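# A look at the structure
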Amino acid sequence: AFTVAARTLATADVLALDLEPADGAPLPGFAPGEHVVLEAQGIRRSYSLCGSPEEARAGRYRIAVKHVAGGRLSTLLHERLAVGDTVGLEAPGGI
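Structurally, valine 83 can be placed in the loop between helix 2 (72–79) and strand 6 (86–89). Apart from the residues within four sequence positions on either side, valine 83 is in contact with Val4, Ala5, Ala6 and Arg7.

Dropping the structure here:
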């Protein structure tokens, strides 16, 4: 599980989420273009990592979530996810 460490509205419809492992374990690094699969309330979606590899070494991943009208997970993340909440997150991959 990962804890929401910070949430920042990057634009009117893009939310940046900083996620840290709930158990404090070290994070695997990632390459440019990789993504993670996030799960919340049984809904799974892939999101590109937009933070730096240095942030991962410091124990934090950053993703950006565009709000999609009618999108179940993007709406949940934008409207209800708060700092301190937990979500599921798979290791980076996809390139």
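With that out of the way, let us pick up the nonpolar core. Counting residues in hydrophobic clusters, the biggest one holds 23 residues, and the most contacted among them are Leu17, Leu19, Leu38, Tyr61, Ile63, Leu73 and Leu77. Counting only elements with at least two residues in this core, the list comes to strand 1 (2–11), strand 2 (14–21), strand 3 (35–40), strand 4 (43–48), strand 5 (61–66), helix 2 and strand 6. Not counting the four nearest positions on each side in its chain, tyrosine 61 is found in contact with Phe2, Leu17, Asp18, Leu19, Leu27, Pro28, Phe30, Leu49, Ala56, Leu89 and Pro92.

Turning to the packing of aromatic side chains, a few remarks are in order. For any two aromatic rings, the description comes down to two numbers: the centre-to-centre distance and the angle of the planes. Counted according to the given criterion, the structure contains 2 aromatic pairs. Residues phenylalanine 2 and tyrosine 61 carry aromatic rings whose centres are separated by 6.1 Å and whose planes lie at 15 degrees to one another, so their mutual orientation is stacked. Taken together, the positions of phenylalanine 2 in strand 1 and tyrosine 61 in strand 5 put the pair 59 residues apart, joining distant regions of the chain. The pair phenylalanine 2 / tyrosine 61 is uniform in exposure class, with both members buried. When the centroid spacing of 6.0 Å and the interplanar angle of 75 degrees are considered together, the rings of phenylalanine 30 and tyrosine 61 count as edge-to-face. Of the two residues, phenylalanine 30 sits in the loop between strand 2 and strand 3 while tyrosine 61 sits in strand 5, which places them 31 residues apart along the sequence. Judged by relative accessible area, which is 2%, tyrosine 61 ranks as buried. Counting every residue linked through ring pairs, the aromatic cluster contains Phe2, Phe30 and Tyr61.

Within the open sheet, the 6 strands sit side by side as 4-3-6-1-2-5. Their pairing is antiparallel. If you trace the sheet from one side to the other, it starts and ends with strand 4 and strand 5, each paired once. Between one strand axis and the next, the sheet turns by 40 degrees as a mean value, whatever way the strands run. Where helix 2 meets the sheet, its contacts fall on strand 1, strand 2, strand 3, strand 4 and strand 5, and the angle it forms with strand 4 comes to roughly 75 degrees.

Taken residue by residue, helix 2 has Leu73, Ser74, Leu76, Leu77 and His78 as its buried positions. The inward-facing, buried residues of helix 2 abut strand 1, strand 2, strand 3, strand 4 and strand 5.

Its identity is not glycine, yet glutamine 41 carries a phi of approximately 50 degrees, on the positive side. Checked against the element boundaries, glutamine 41 lands in the loop between strand 3 and strand 4. By relative accessible area, which is 63% here, glutamine 41 ends up exposed.

Here is what the cut-offs are and how they apply
Here the residue numbering is sequential within each chain, running from 1 through the sequence in written order. Owing to the predicted nature of the model, reporting of local features is limited to residues with pLDDT of at least 70; listing and counting of side-chain atom pairs is limited to 80 or more, with chain, interface and lining totals taken over all residues. Think of the side-chain values as coming from all heavy atoms in the structure, minus any hydrogens and water. Put simply, DSSP marks the helices as runs of H or I at least four residues long and the strands as runs of E at least two long, and each gets a number from the N terminus on. Contact between two residues is taken to exist if any of their heavy atoms lie within 4.5 Å; hydrogens are not considered. Within this scheme, the nonpolar core is defined by two criteria: the residues are buried Ala, Val, Leu, Ile, Met, Phe, Trp, Tyr or Cys, and they are joined through side-chain atoms within 4.5 Å. Exposure is judged per residue with a 1.4 Å probe applied to protein chains only, and the accessible area is read against the type maximum: over 50% gives exposed, under 20% gives buried, and values in between give partly exposed. For this analysis, a ring pair means two rings from Phe, Tyr or Trp (six-membered ring only for Trp) whose centres lie within 6.5 Å, classed as stacked if their planes differ by under 30 degrees, edge-to-face if by over 60, and tilted for the remaining angles. For two strands to count as paired, DSSP must find a minimum of two bridges between them. Here the axes come from fitting lines to C-alpha atoms, over the contacting stretch only for helices, and the angles between their N-to-C directions go from 0 to 180 degrees.

Geometric descriptors of this kind do not, in isolation, establish any biological role.
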